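Summary of the model geometry
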Amino acid sequence: MRIFSGIQPTGQKHLGNYVGAIRQYVEGQDRADAIYCIVDLHAITVPYEPGELRANVYDTTAVLLAAGLDPERCTLFRQGDLKEHTELCWLLSAVTAHGDLNRMHQFKEKSAGQRELVSAGLFLYPVLQAADVLAYRADEVPVGEDQRQHIELMRDIAQRFNERFGETLVVPRHRIPDVGGRIMDLQSPDTKMSTTLGSEQGTLYIRDPDKAMATKIMRAVTDSGSDVVRAPDKPGISNLIEVMSVFRGVGPEDVEQEFADAQYGDFKKAVADTVVEALAPIRDRYQELQVDRAGLEDVLRAGAERARSIASGTLADVRERMGVGPPD
Ligand code: AMP
Ligand code: TRP
């Protein structure tokens, strides 16, 4: 069994990333051959600062290690260290429908936000993401809910490739958590928590000091009523119940039961304490790791070597099947 996931080196990682994705990465290390990639090549599809990109990669690497990824038990690498991902992206574009790419929610959202240039790279983004996973013949892809459509697409691409050129690629499945797959902005709980789209006060960053974490939760927008229960018209409280459920390692219904007699204020206080207790040690480790760039680079370099040894085999098979380049 092989697990693969990718994470962008942009901005600051937040509670949504941790709950939806990172904690699944950590757990995956003990179940399977786990491979995680920091996708610098995806980050260049929207305006960015070249001078900041490498720093952002180190930053995200430090967050992942602090959260519990162990280079002895998983492969952690930077996408741009390998040529295989971009090459496979191009080869797969031959079996990708233009119309499917046009339907991608993330493309529509991100292109609507661009003022100057909607890059062709932004359009091809899901094909590169498919290449990331298919190059490793991964079985499972842990992600948050917002990536569901991208995983569906990579399944279609793999299937179409196999039908056209013969059984070559593994058709991967997503692993989206039932609870916590979509953590909402604390200030506007009808939009997802996000570095780019959300509000500063509504986004709880892993690097926030204890006090900021607690304040953001205490000031989270809650709904009318006073019962701590999940309901469609209570997105704010529902969101906090999911967060609590994940960190406590119990079902959301257990959280509802425990706080059946509580007021919103008491409940928020308990959520704040729980989140700070869980994230503060990760933040502290992150701050220690983040300054050791040489150490982080060593981890990424070793990861890239291992990644290449797998991806190059897939690429040789794909080229051979497609009749590209010299014969084997
Ligand atoms: P990104 O930082 O956009 O590369 O996202 C990294 C991972 O975090 C992906 O698997 C996303 O699906 C997941 N993710 C991002 N935002 C959220 C959120 N608000 N709730 C749950 N998961 C999320
Ligand atoms: N598009 C993903 C995101 O925005 C990041 C990503 C890139 C990814 N390649 C991947 C996720 C491969 C899973 C598998 O979060």
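Each remark here, short or long, concerns the structure printed above.
**A few points about the overall build of the protein chain**
Summing up its helical and strand segments, the protein chain has 13 helices and five strands in all. Against the 2.2 N^0.38 benchmark of 20 Å for 328 residues, the protein chain shows a C-alpha radius of gyration of 21 Å, consistent with a compact globule. Reported as C-alpha extents along the three principal axes, the dimensions of the protein chain are approximately 70 × 45 × 40 Å. Classification of the 328 residues of the protein chain by burial places 52% in the buried group. As displayed, the protein chain has an accessible area near 15000 Å², and 49% of this comes from carbon and sulfur atoms.

**Points about helix H12 (residues 264-290)**
The end-to-end C-alpha distance of H12 is 37 Å, a good match for the 39 Å that 27 residues give at a rise of 1.5 Å each. At Leu 279, H12 is deflected by roughly 30°, the largest bend along its length, and proline Pro 281 occurs up to four residues later in sequence.

**Here's the deal with the site of ligand 2**
Surveying the vicinity of ligand 2 reveals 14 residues, the closest of which are Gln 8, Tyr 125, Gln 129, Asp 132 and Gln 147. Gln 129 has a polar side-chain atom sitting 2.9 Å from a nitrogen atom of ligand 2. A distance of 3.2 Å separates a nitrogen atom of ligand 2 from a polar side-chain atom of Gln 147. Calculation on ligand 2 without its partners gives an accessible area of 360 Å², and the protein chains cover 91% of this total. Elements with a minimum of two residues in the shell around ligand 2: strand S1 (2-7) and helix H7 (120-134). A total of four residues in the shell around ligand 2 trace back to one element, the largest contributor, which is H7.

**Quick word on the site of ligand 1**
Taken together, 17 residues lie near ligand 1, and Gln 8, Lys 13, Gly 144, Asp 146 and Ile 183 sit nearest. One nitrogen or oxygen atom from the main chain of Gly 16 is found 3.1 Å from a nitrogen atom belonging to ligand 1. Within the backbone of Ile 183, a nitrogen or oxygen atom sits 2.8 Å from a nitrogen atom of ligand 1. A total of 490 Å² of accessible area belongs to ligand 1 in isolation, and the protein chains cover 90% of it. Examining the composition of the shell around ligand 1, we find that four residues originate from one element, helix H1 (residues 15-28), more than from any other. A per-class count over the shell around ligand 1 returns five nonpolar, nine polar and three charged.

**Side note on the pairing of S1**
Burial analysis of S1 places five of its six residues in the buried class, the great majority of the element. In the sheet, S1 pairs with strand S2 (residues 33-38) via six bridges, with the strands oriented parallel. Within the sheet, the bridge partner assigned to Gly 6 lies in S2 and is Cys 37.

**Quick word on the packing of H1 against helix H10 (residues 235-248)**
Across the interface, H1 lies against H10 with an axial gap of 12 Å and an inter-helix angle of 45°. By the angle between their directions, the pair H1 and H10 is classed as oblique. Of the two possible hands of crossing, H1 and H10 adopt the one that is left-handed. Where H1 abuts H10, its residues Leu 15, Tyr 18, Val 19 and Arg 23 lie against Val 243, Val 246 and Phe 247. Here the contact of H1 with H10 is composed, by residue class, of six nonpolar, no polar and one charged.

Rules and cut-offs
- Residues numbered from 1 in each chain as written.
- Chains lettered and ligands numbered in written order.
- Predicted model: local features only at pLDDT ≥ 70, side-chain atom pairs only at ≥ 80, totals over all residues.
- Heavy atoms only, no water.
- Helix = DSSP H or I, 4+ residues; strand = E, 2+ residues; numbered from the N terminus.
- Rg over C-alpha atoms; globule rule 2.2 N^0.38 Å.
- Buried < 20%, exposed > 50% of the residue type's maximum accessible area, 1.4 Å probe, protein only.
- Areas by Shrake-Rupley, 256 points an atom, 1.4 Å probe, with all protein chains shown as cover.
- Expected span 1.5 Å × (residues − 1).
- Bend = angle between axes of the 7 residues up to and from the residue.
- Near = heavy atom within 4 Å.
- Polar contact = N/O pair within 3.5 Å; in protein donor to acceptor, adjacent residues only side chain to side chain.
- Nonpolar A, V, L, I, M, F, W, Y, C, P; charged D, E, K, R; others polar.
- Pairing = 2+ DSSP bridges.
- Axes fitted to C-alpha atoms, helices over the stretch in contact; angles between N-to-C directions.
- Parallel < 35°, antiparallel > 145°, perpendicular 65-115°, else oblique.
- Left-handed = near helix turned anticlockwise from the far one by under 90°.
- Contact = heavy atoms within 4.5 Å.

Remember that the coordinates give geometry; whether it matters functionally is a separate question.
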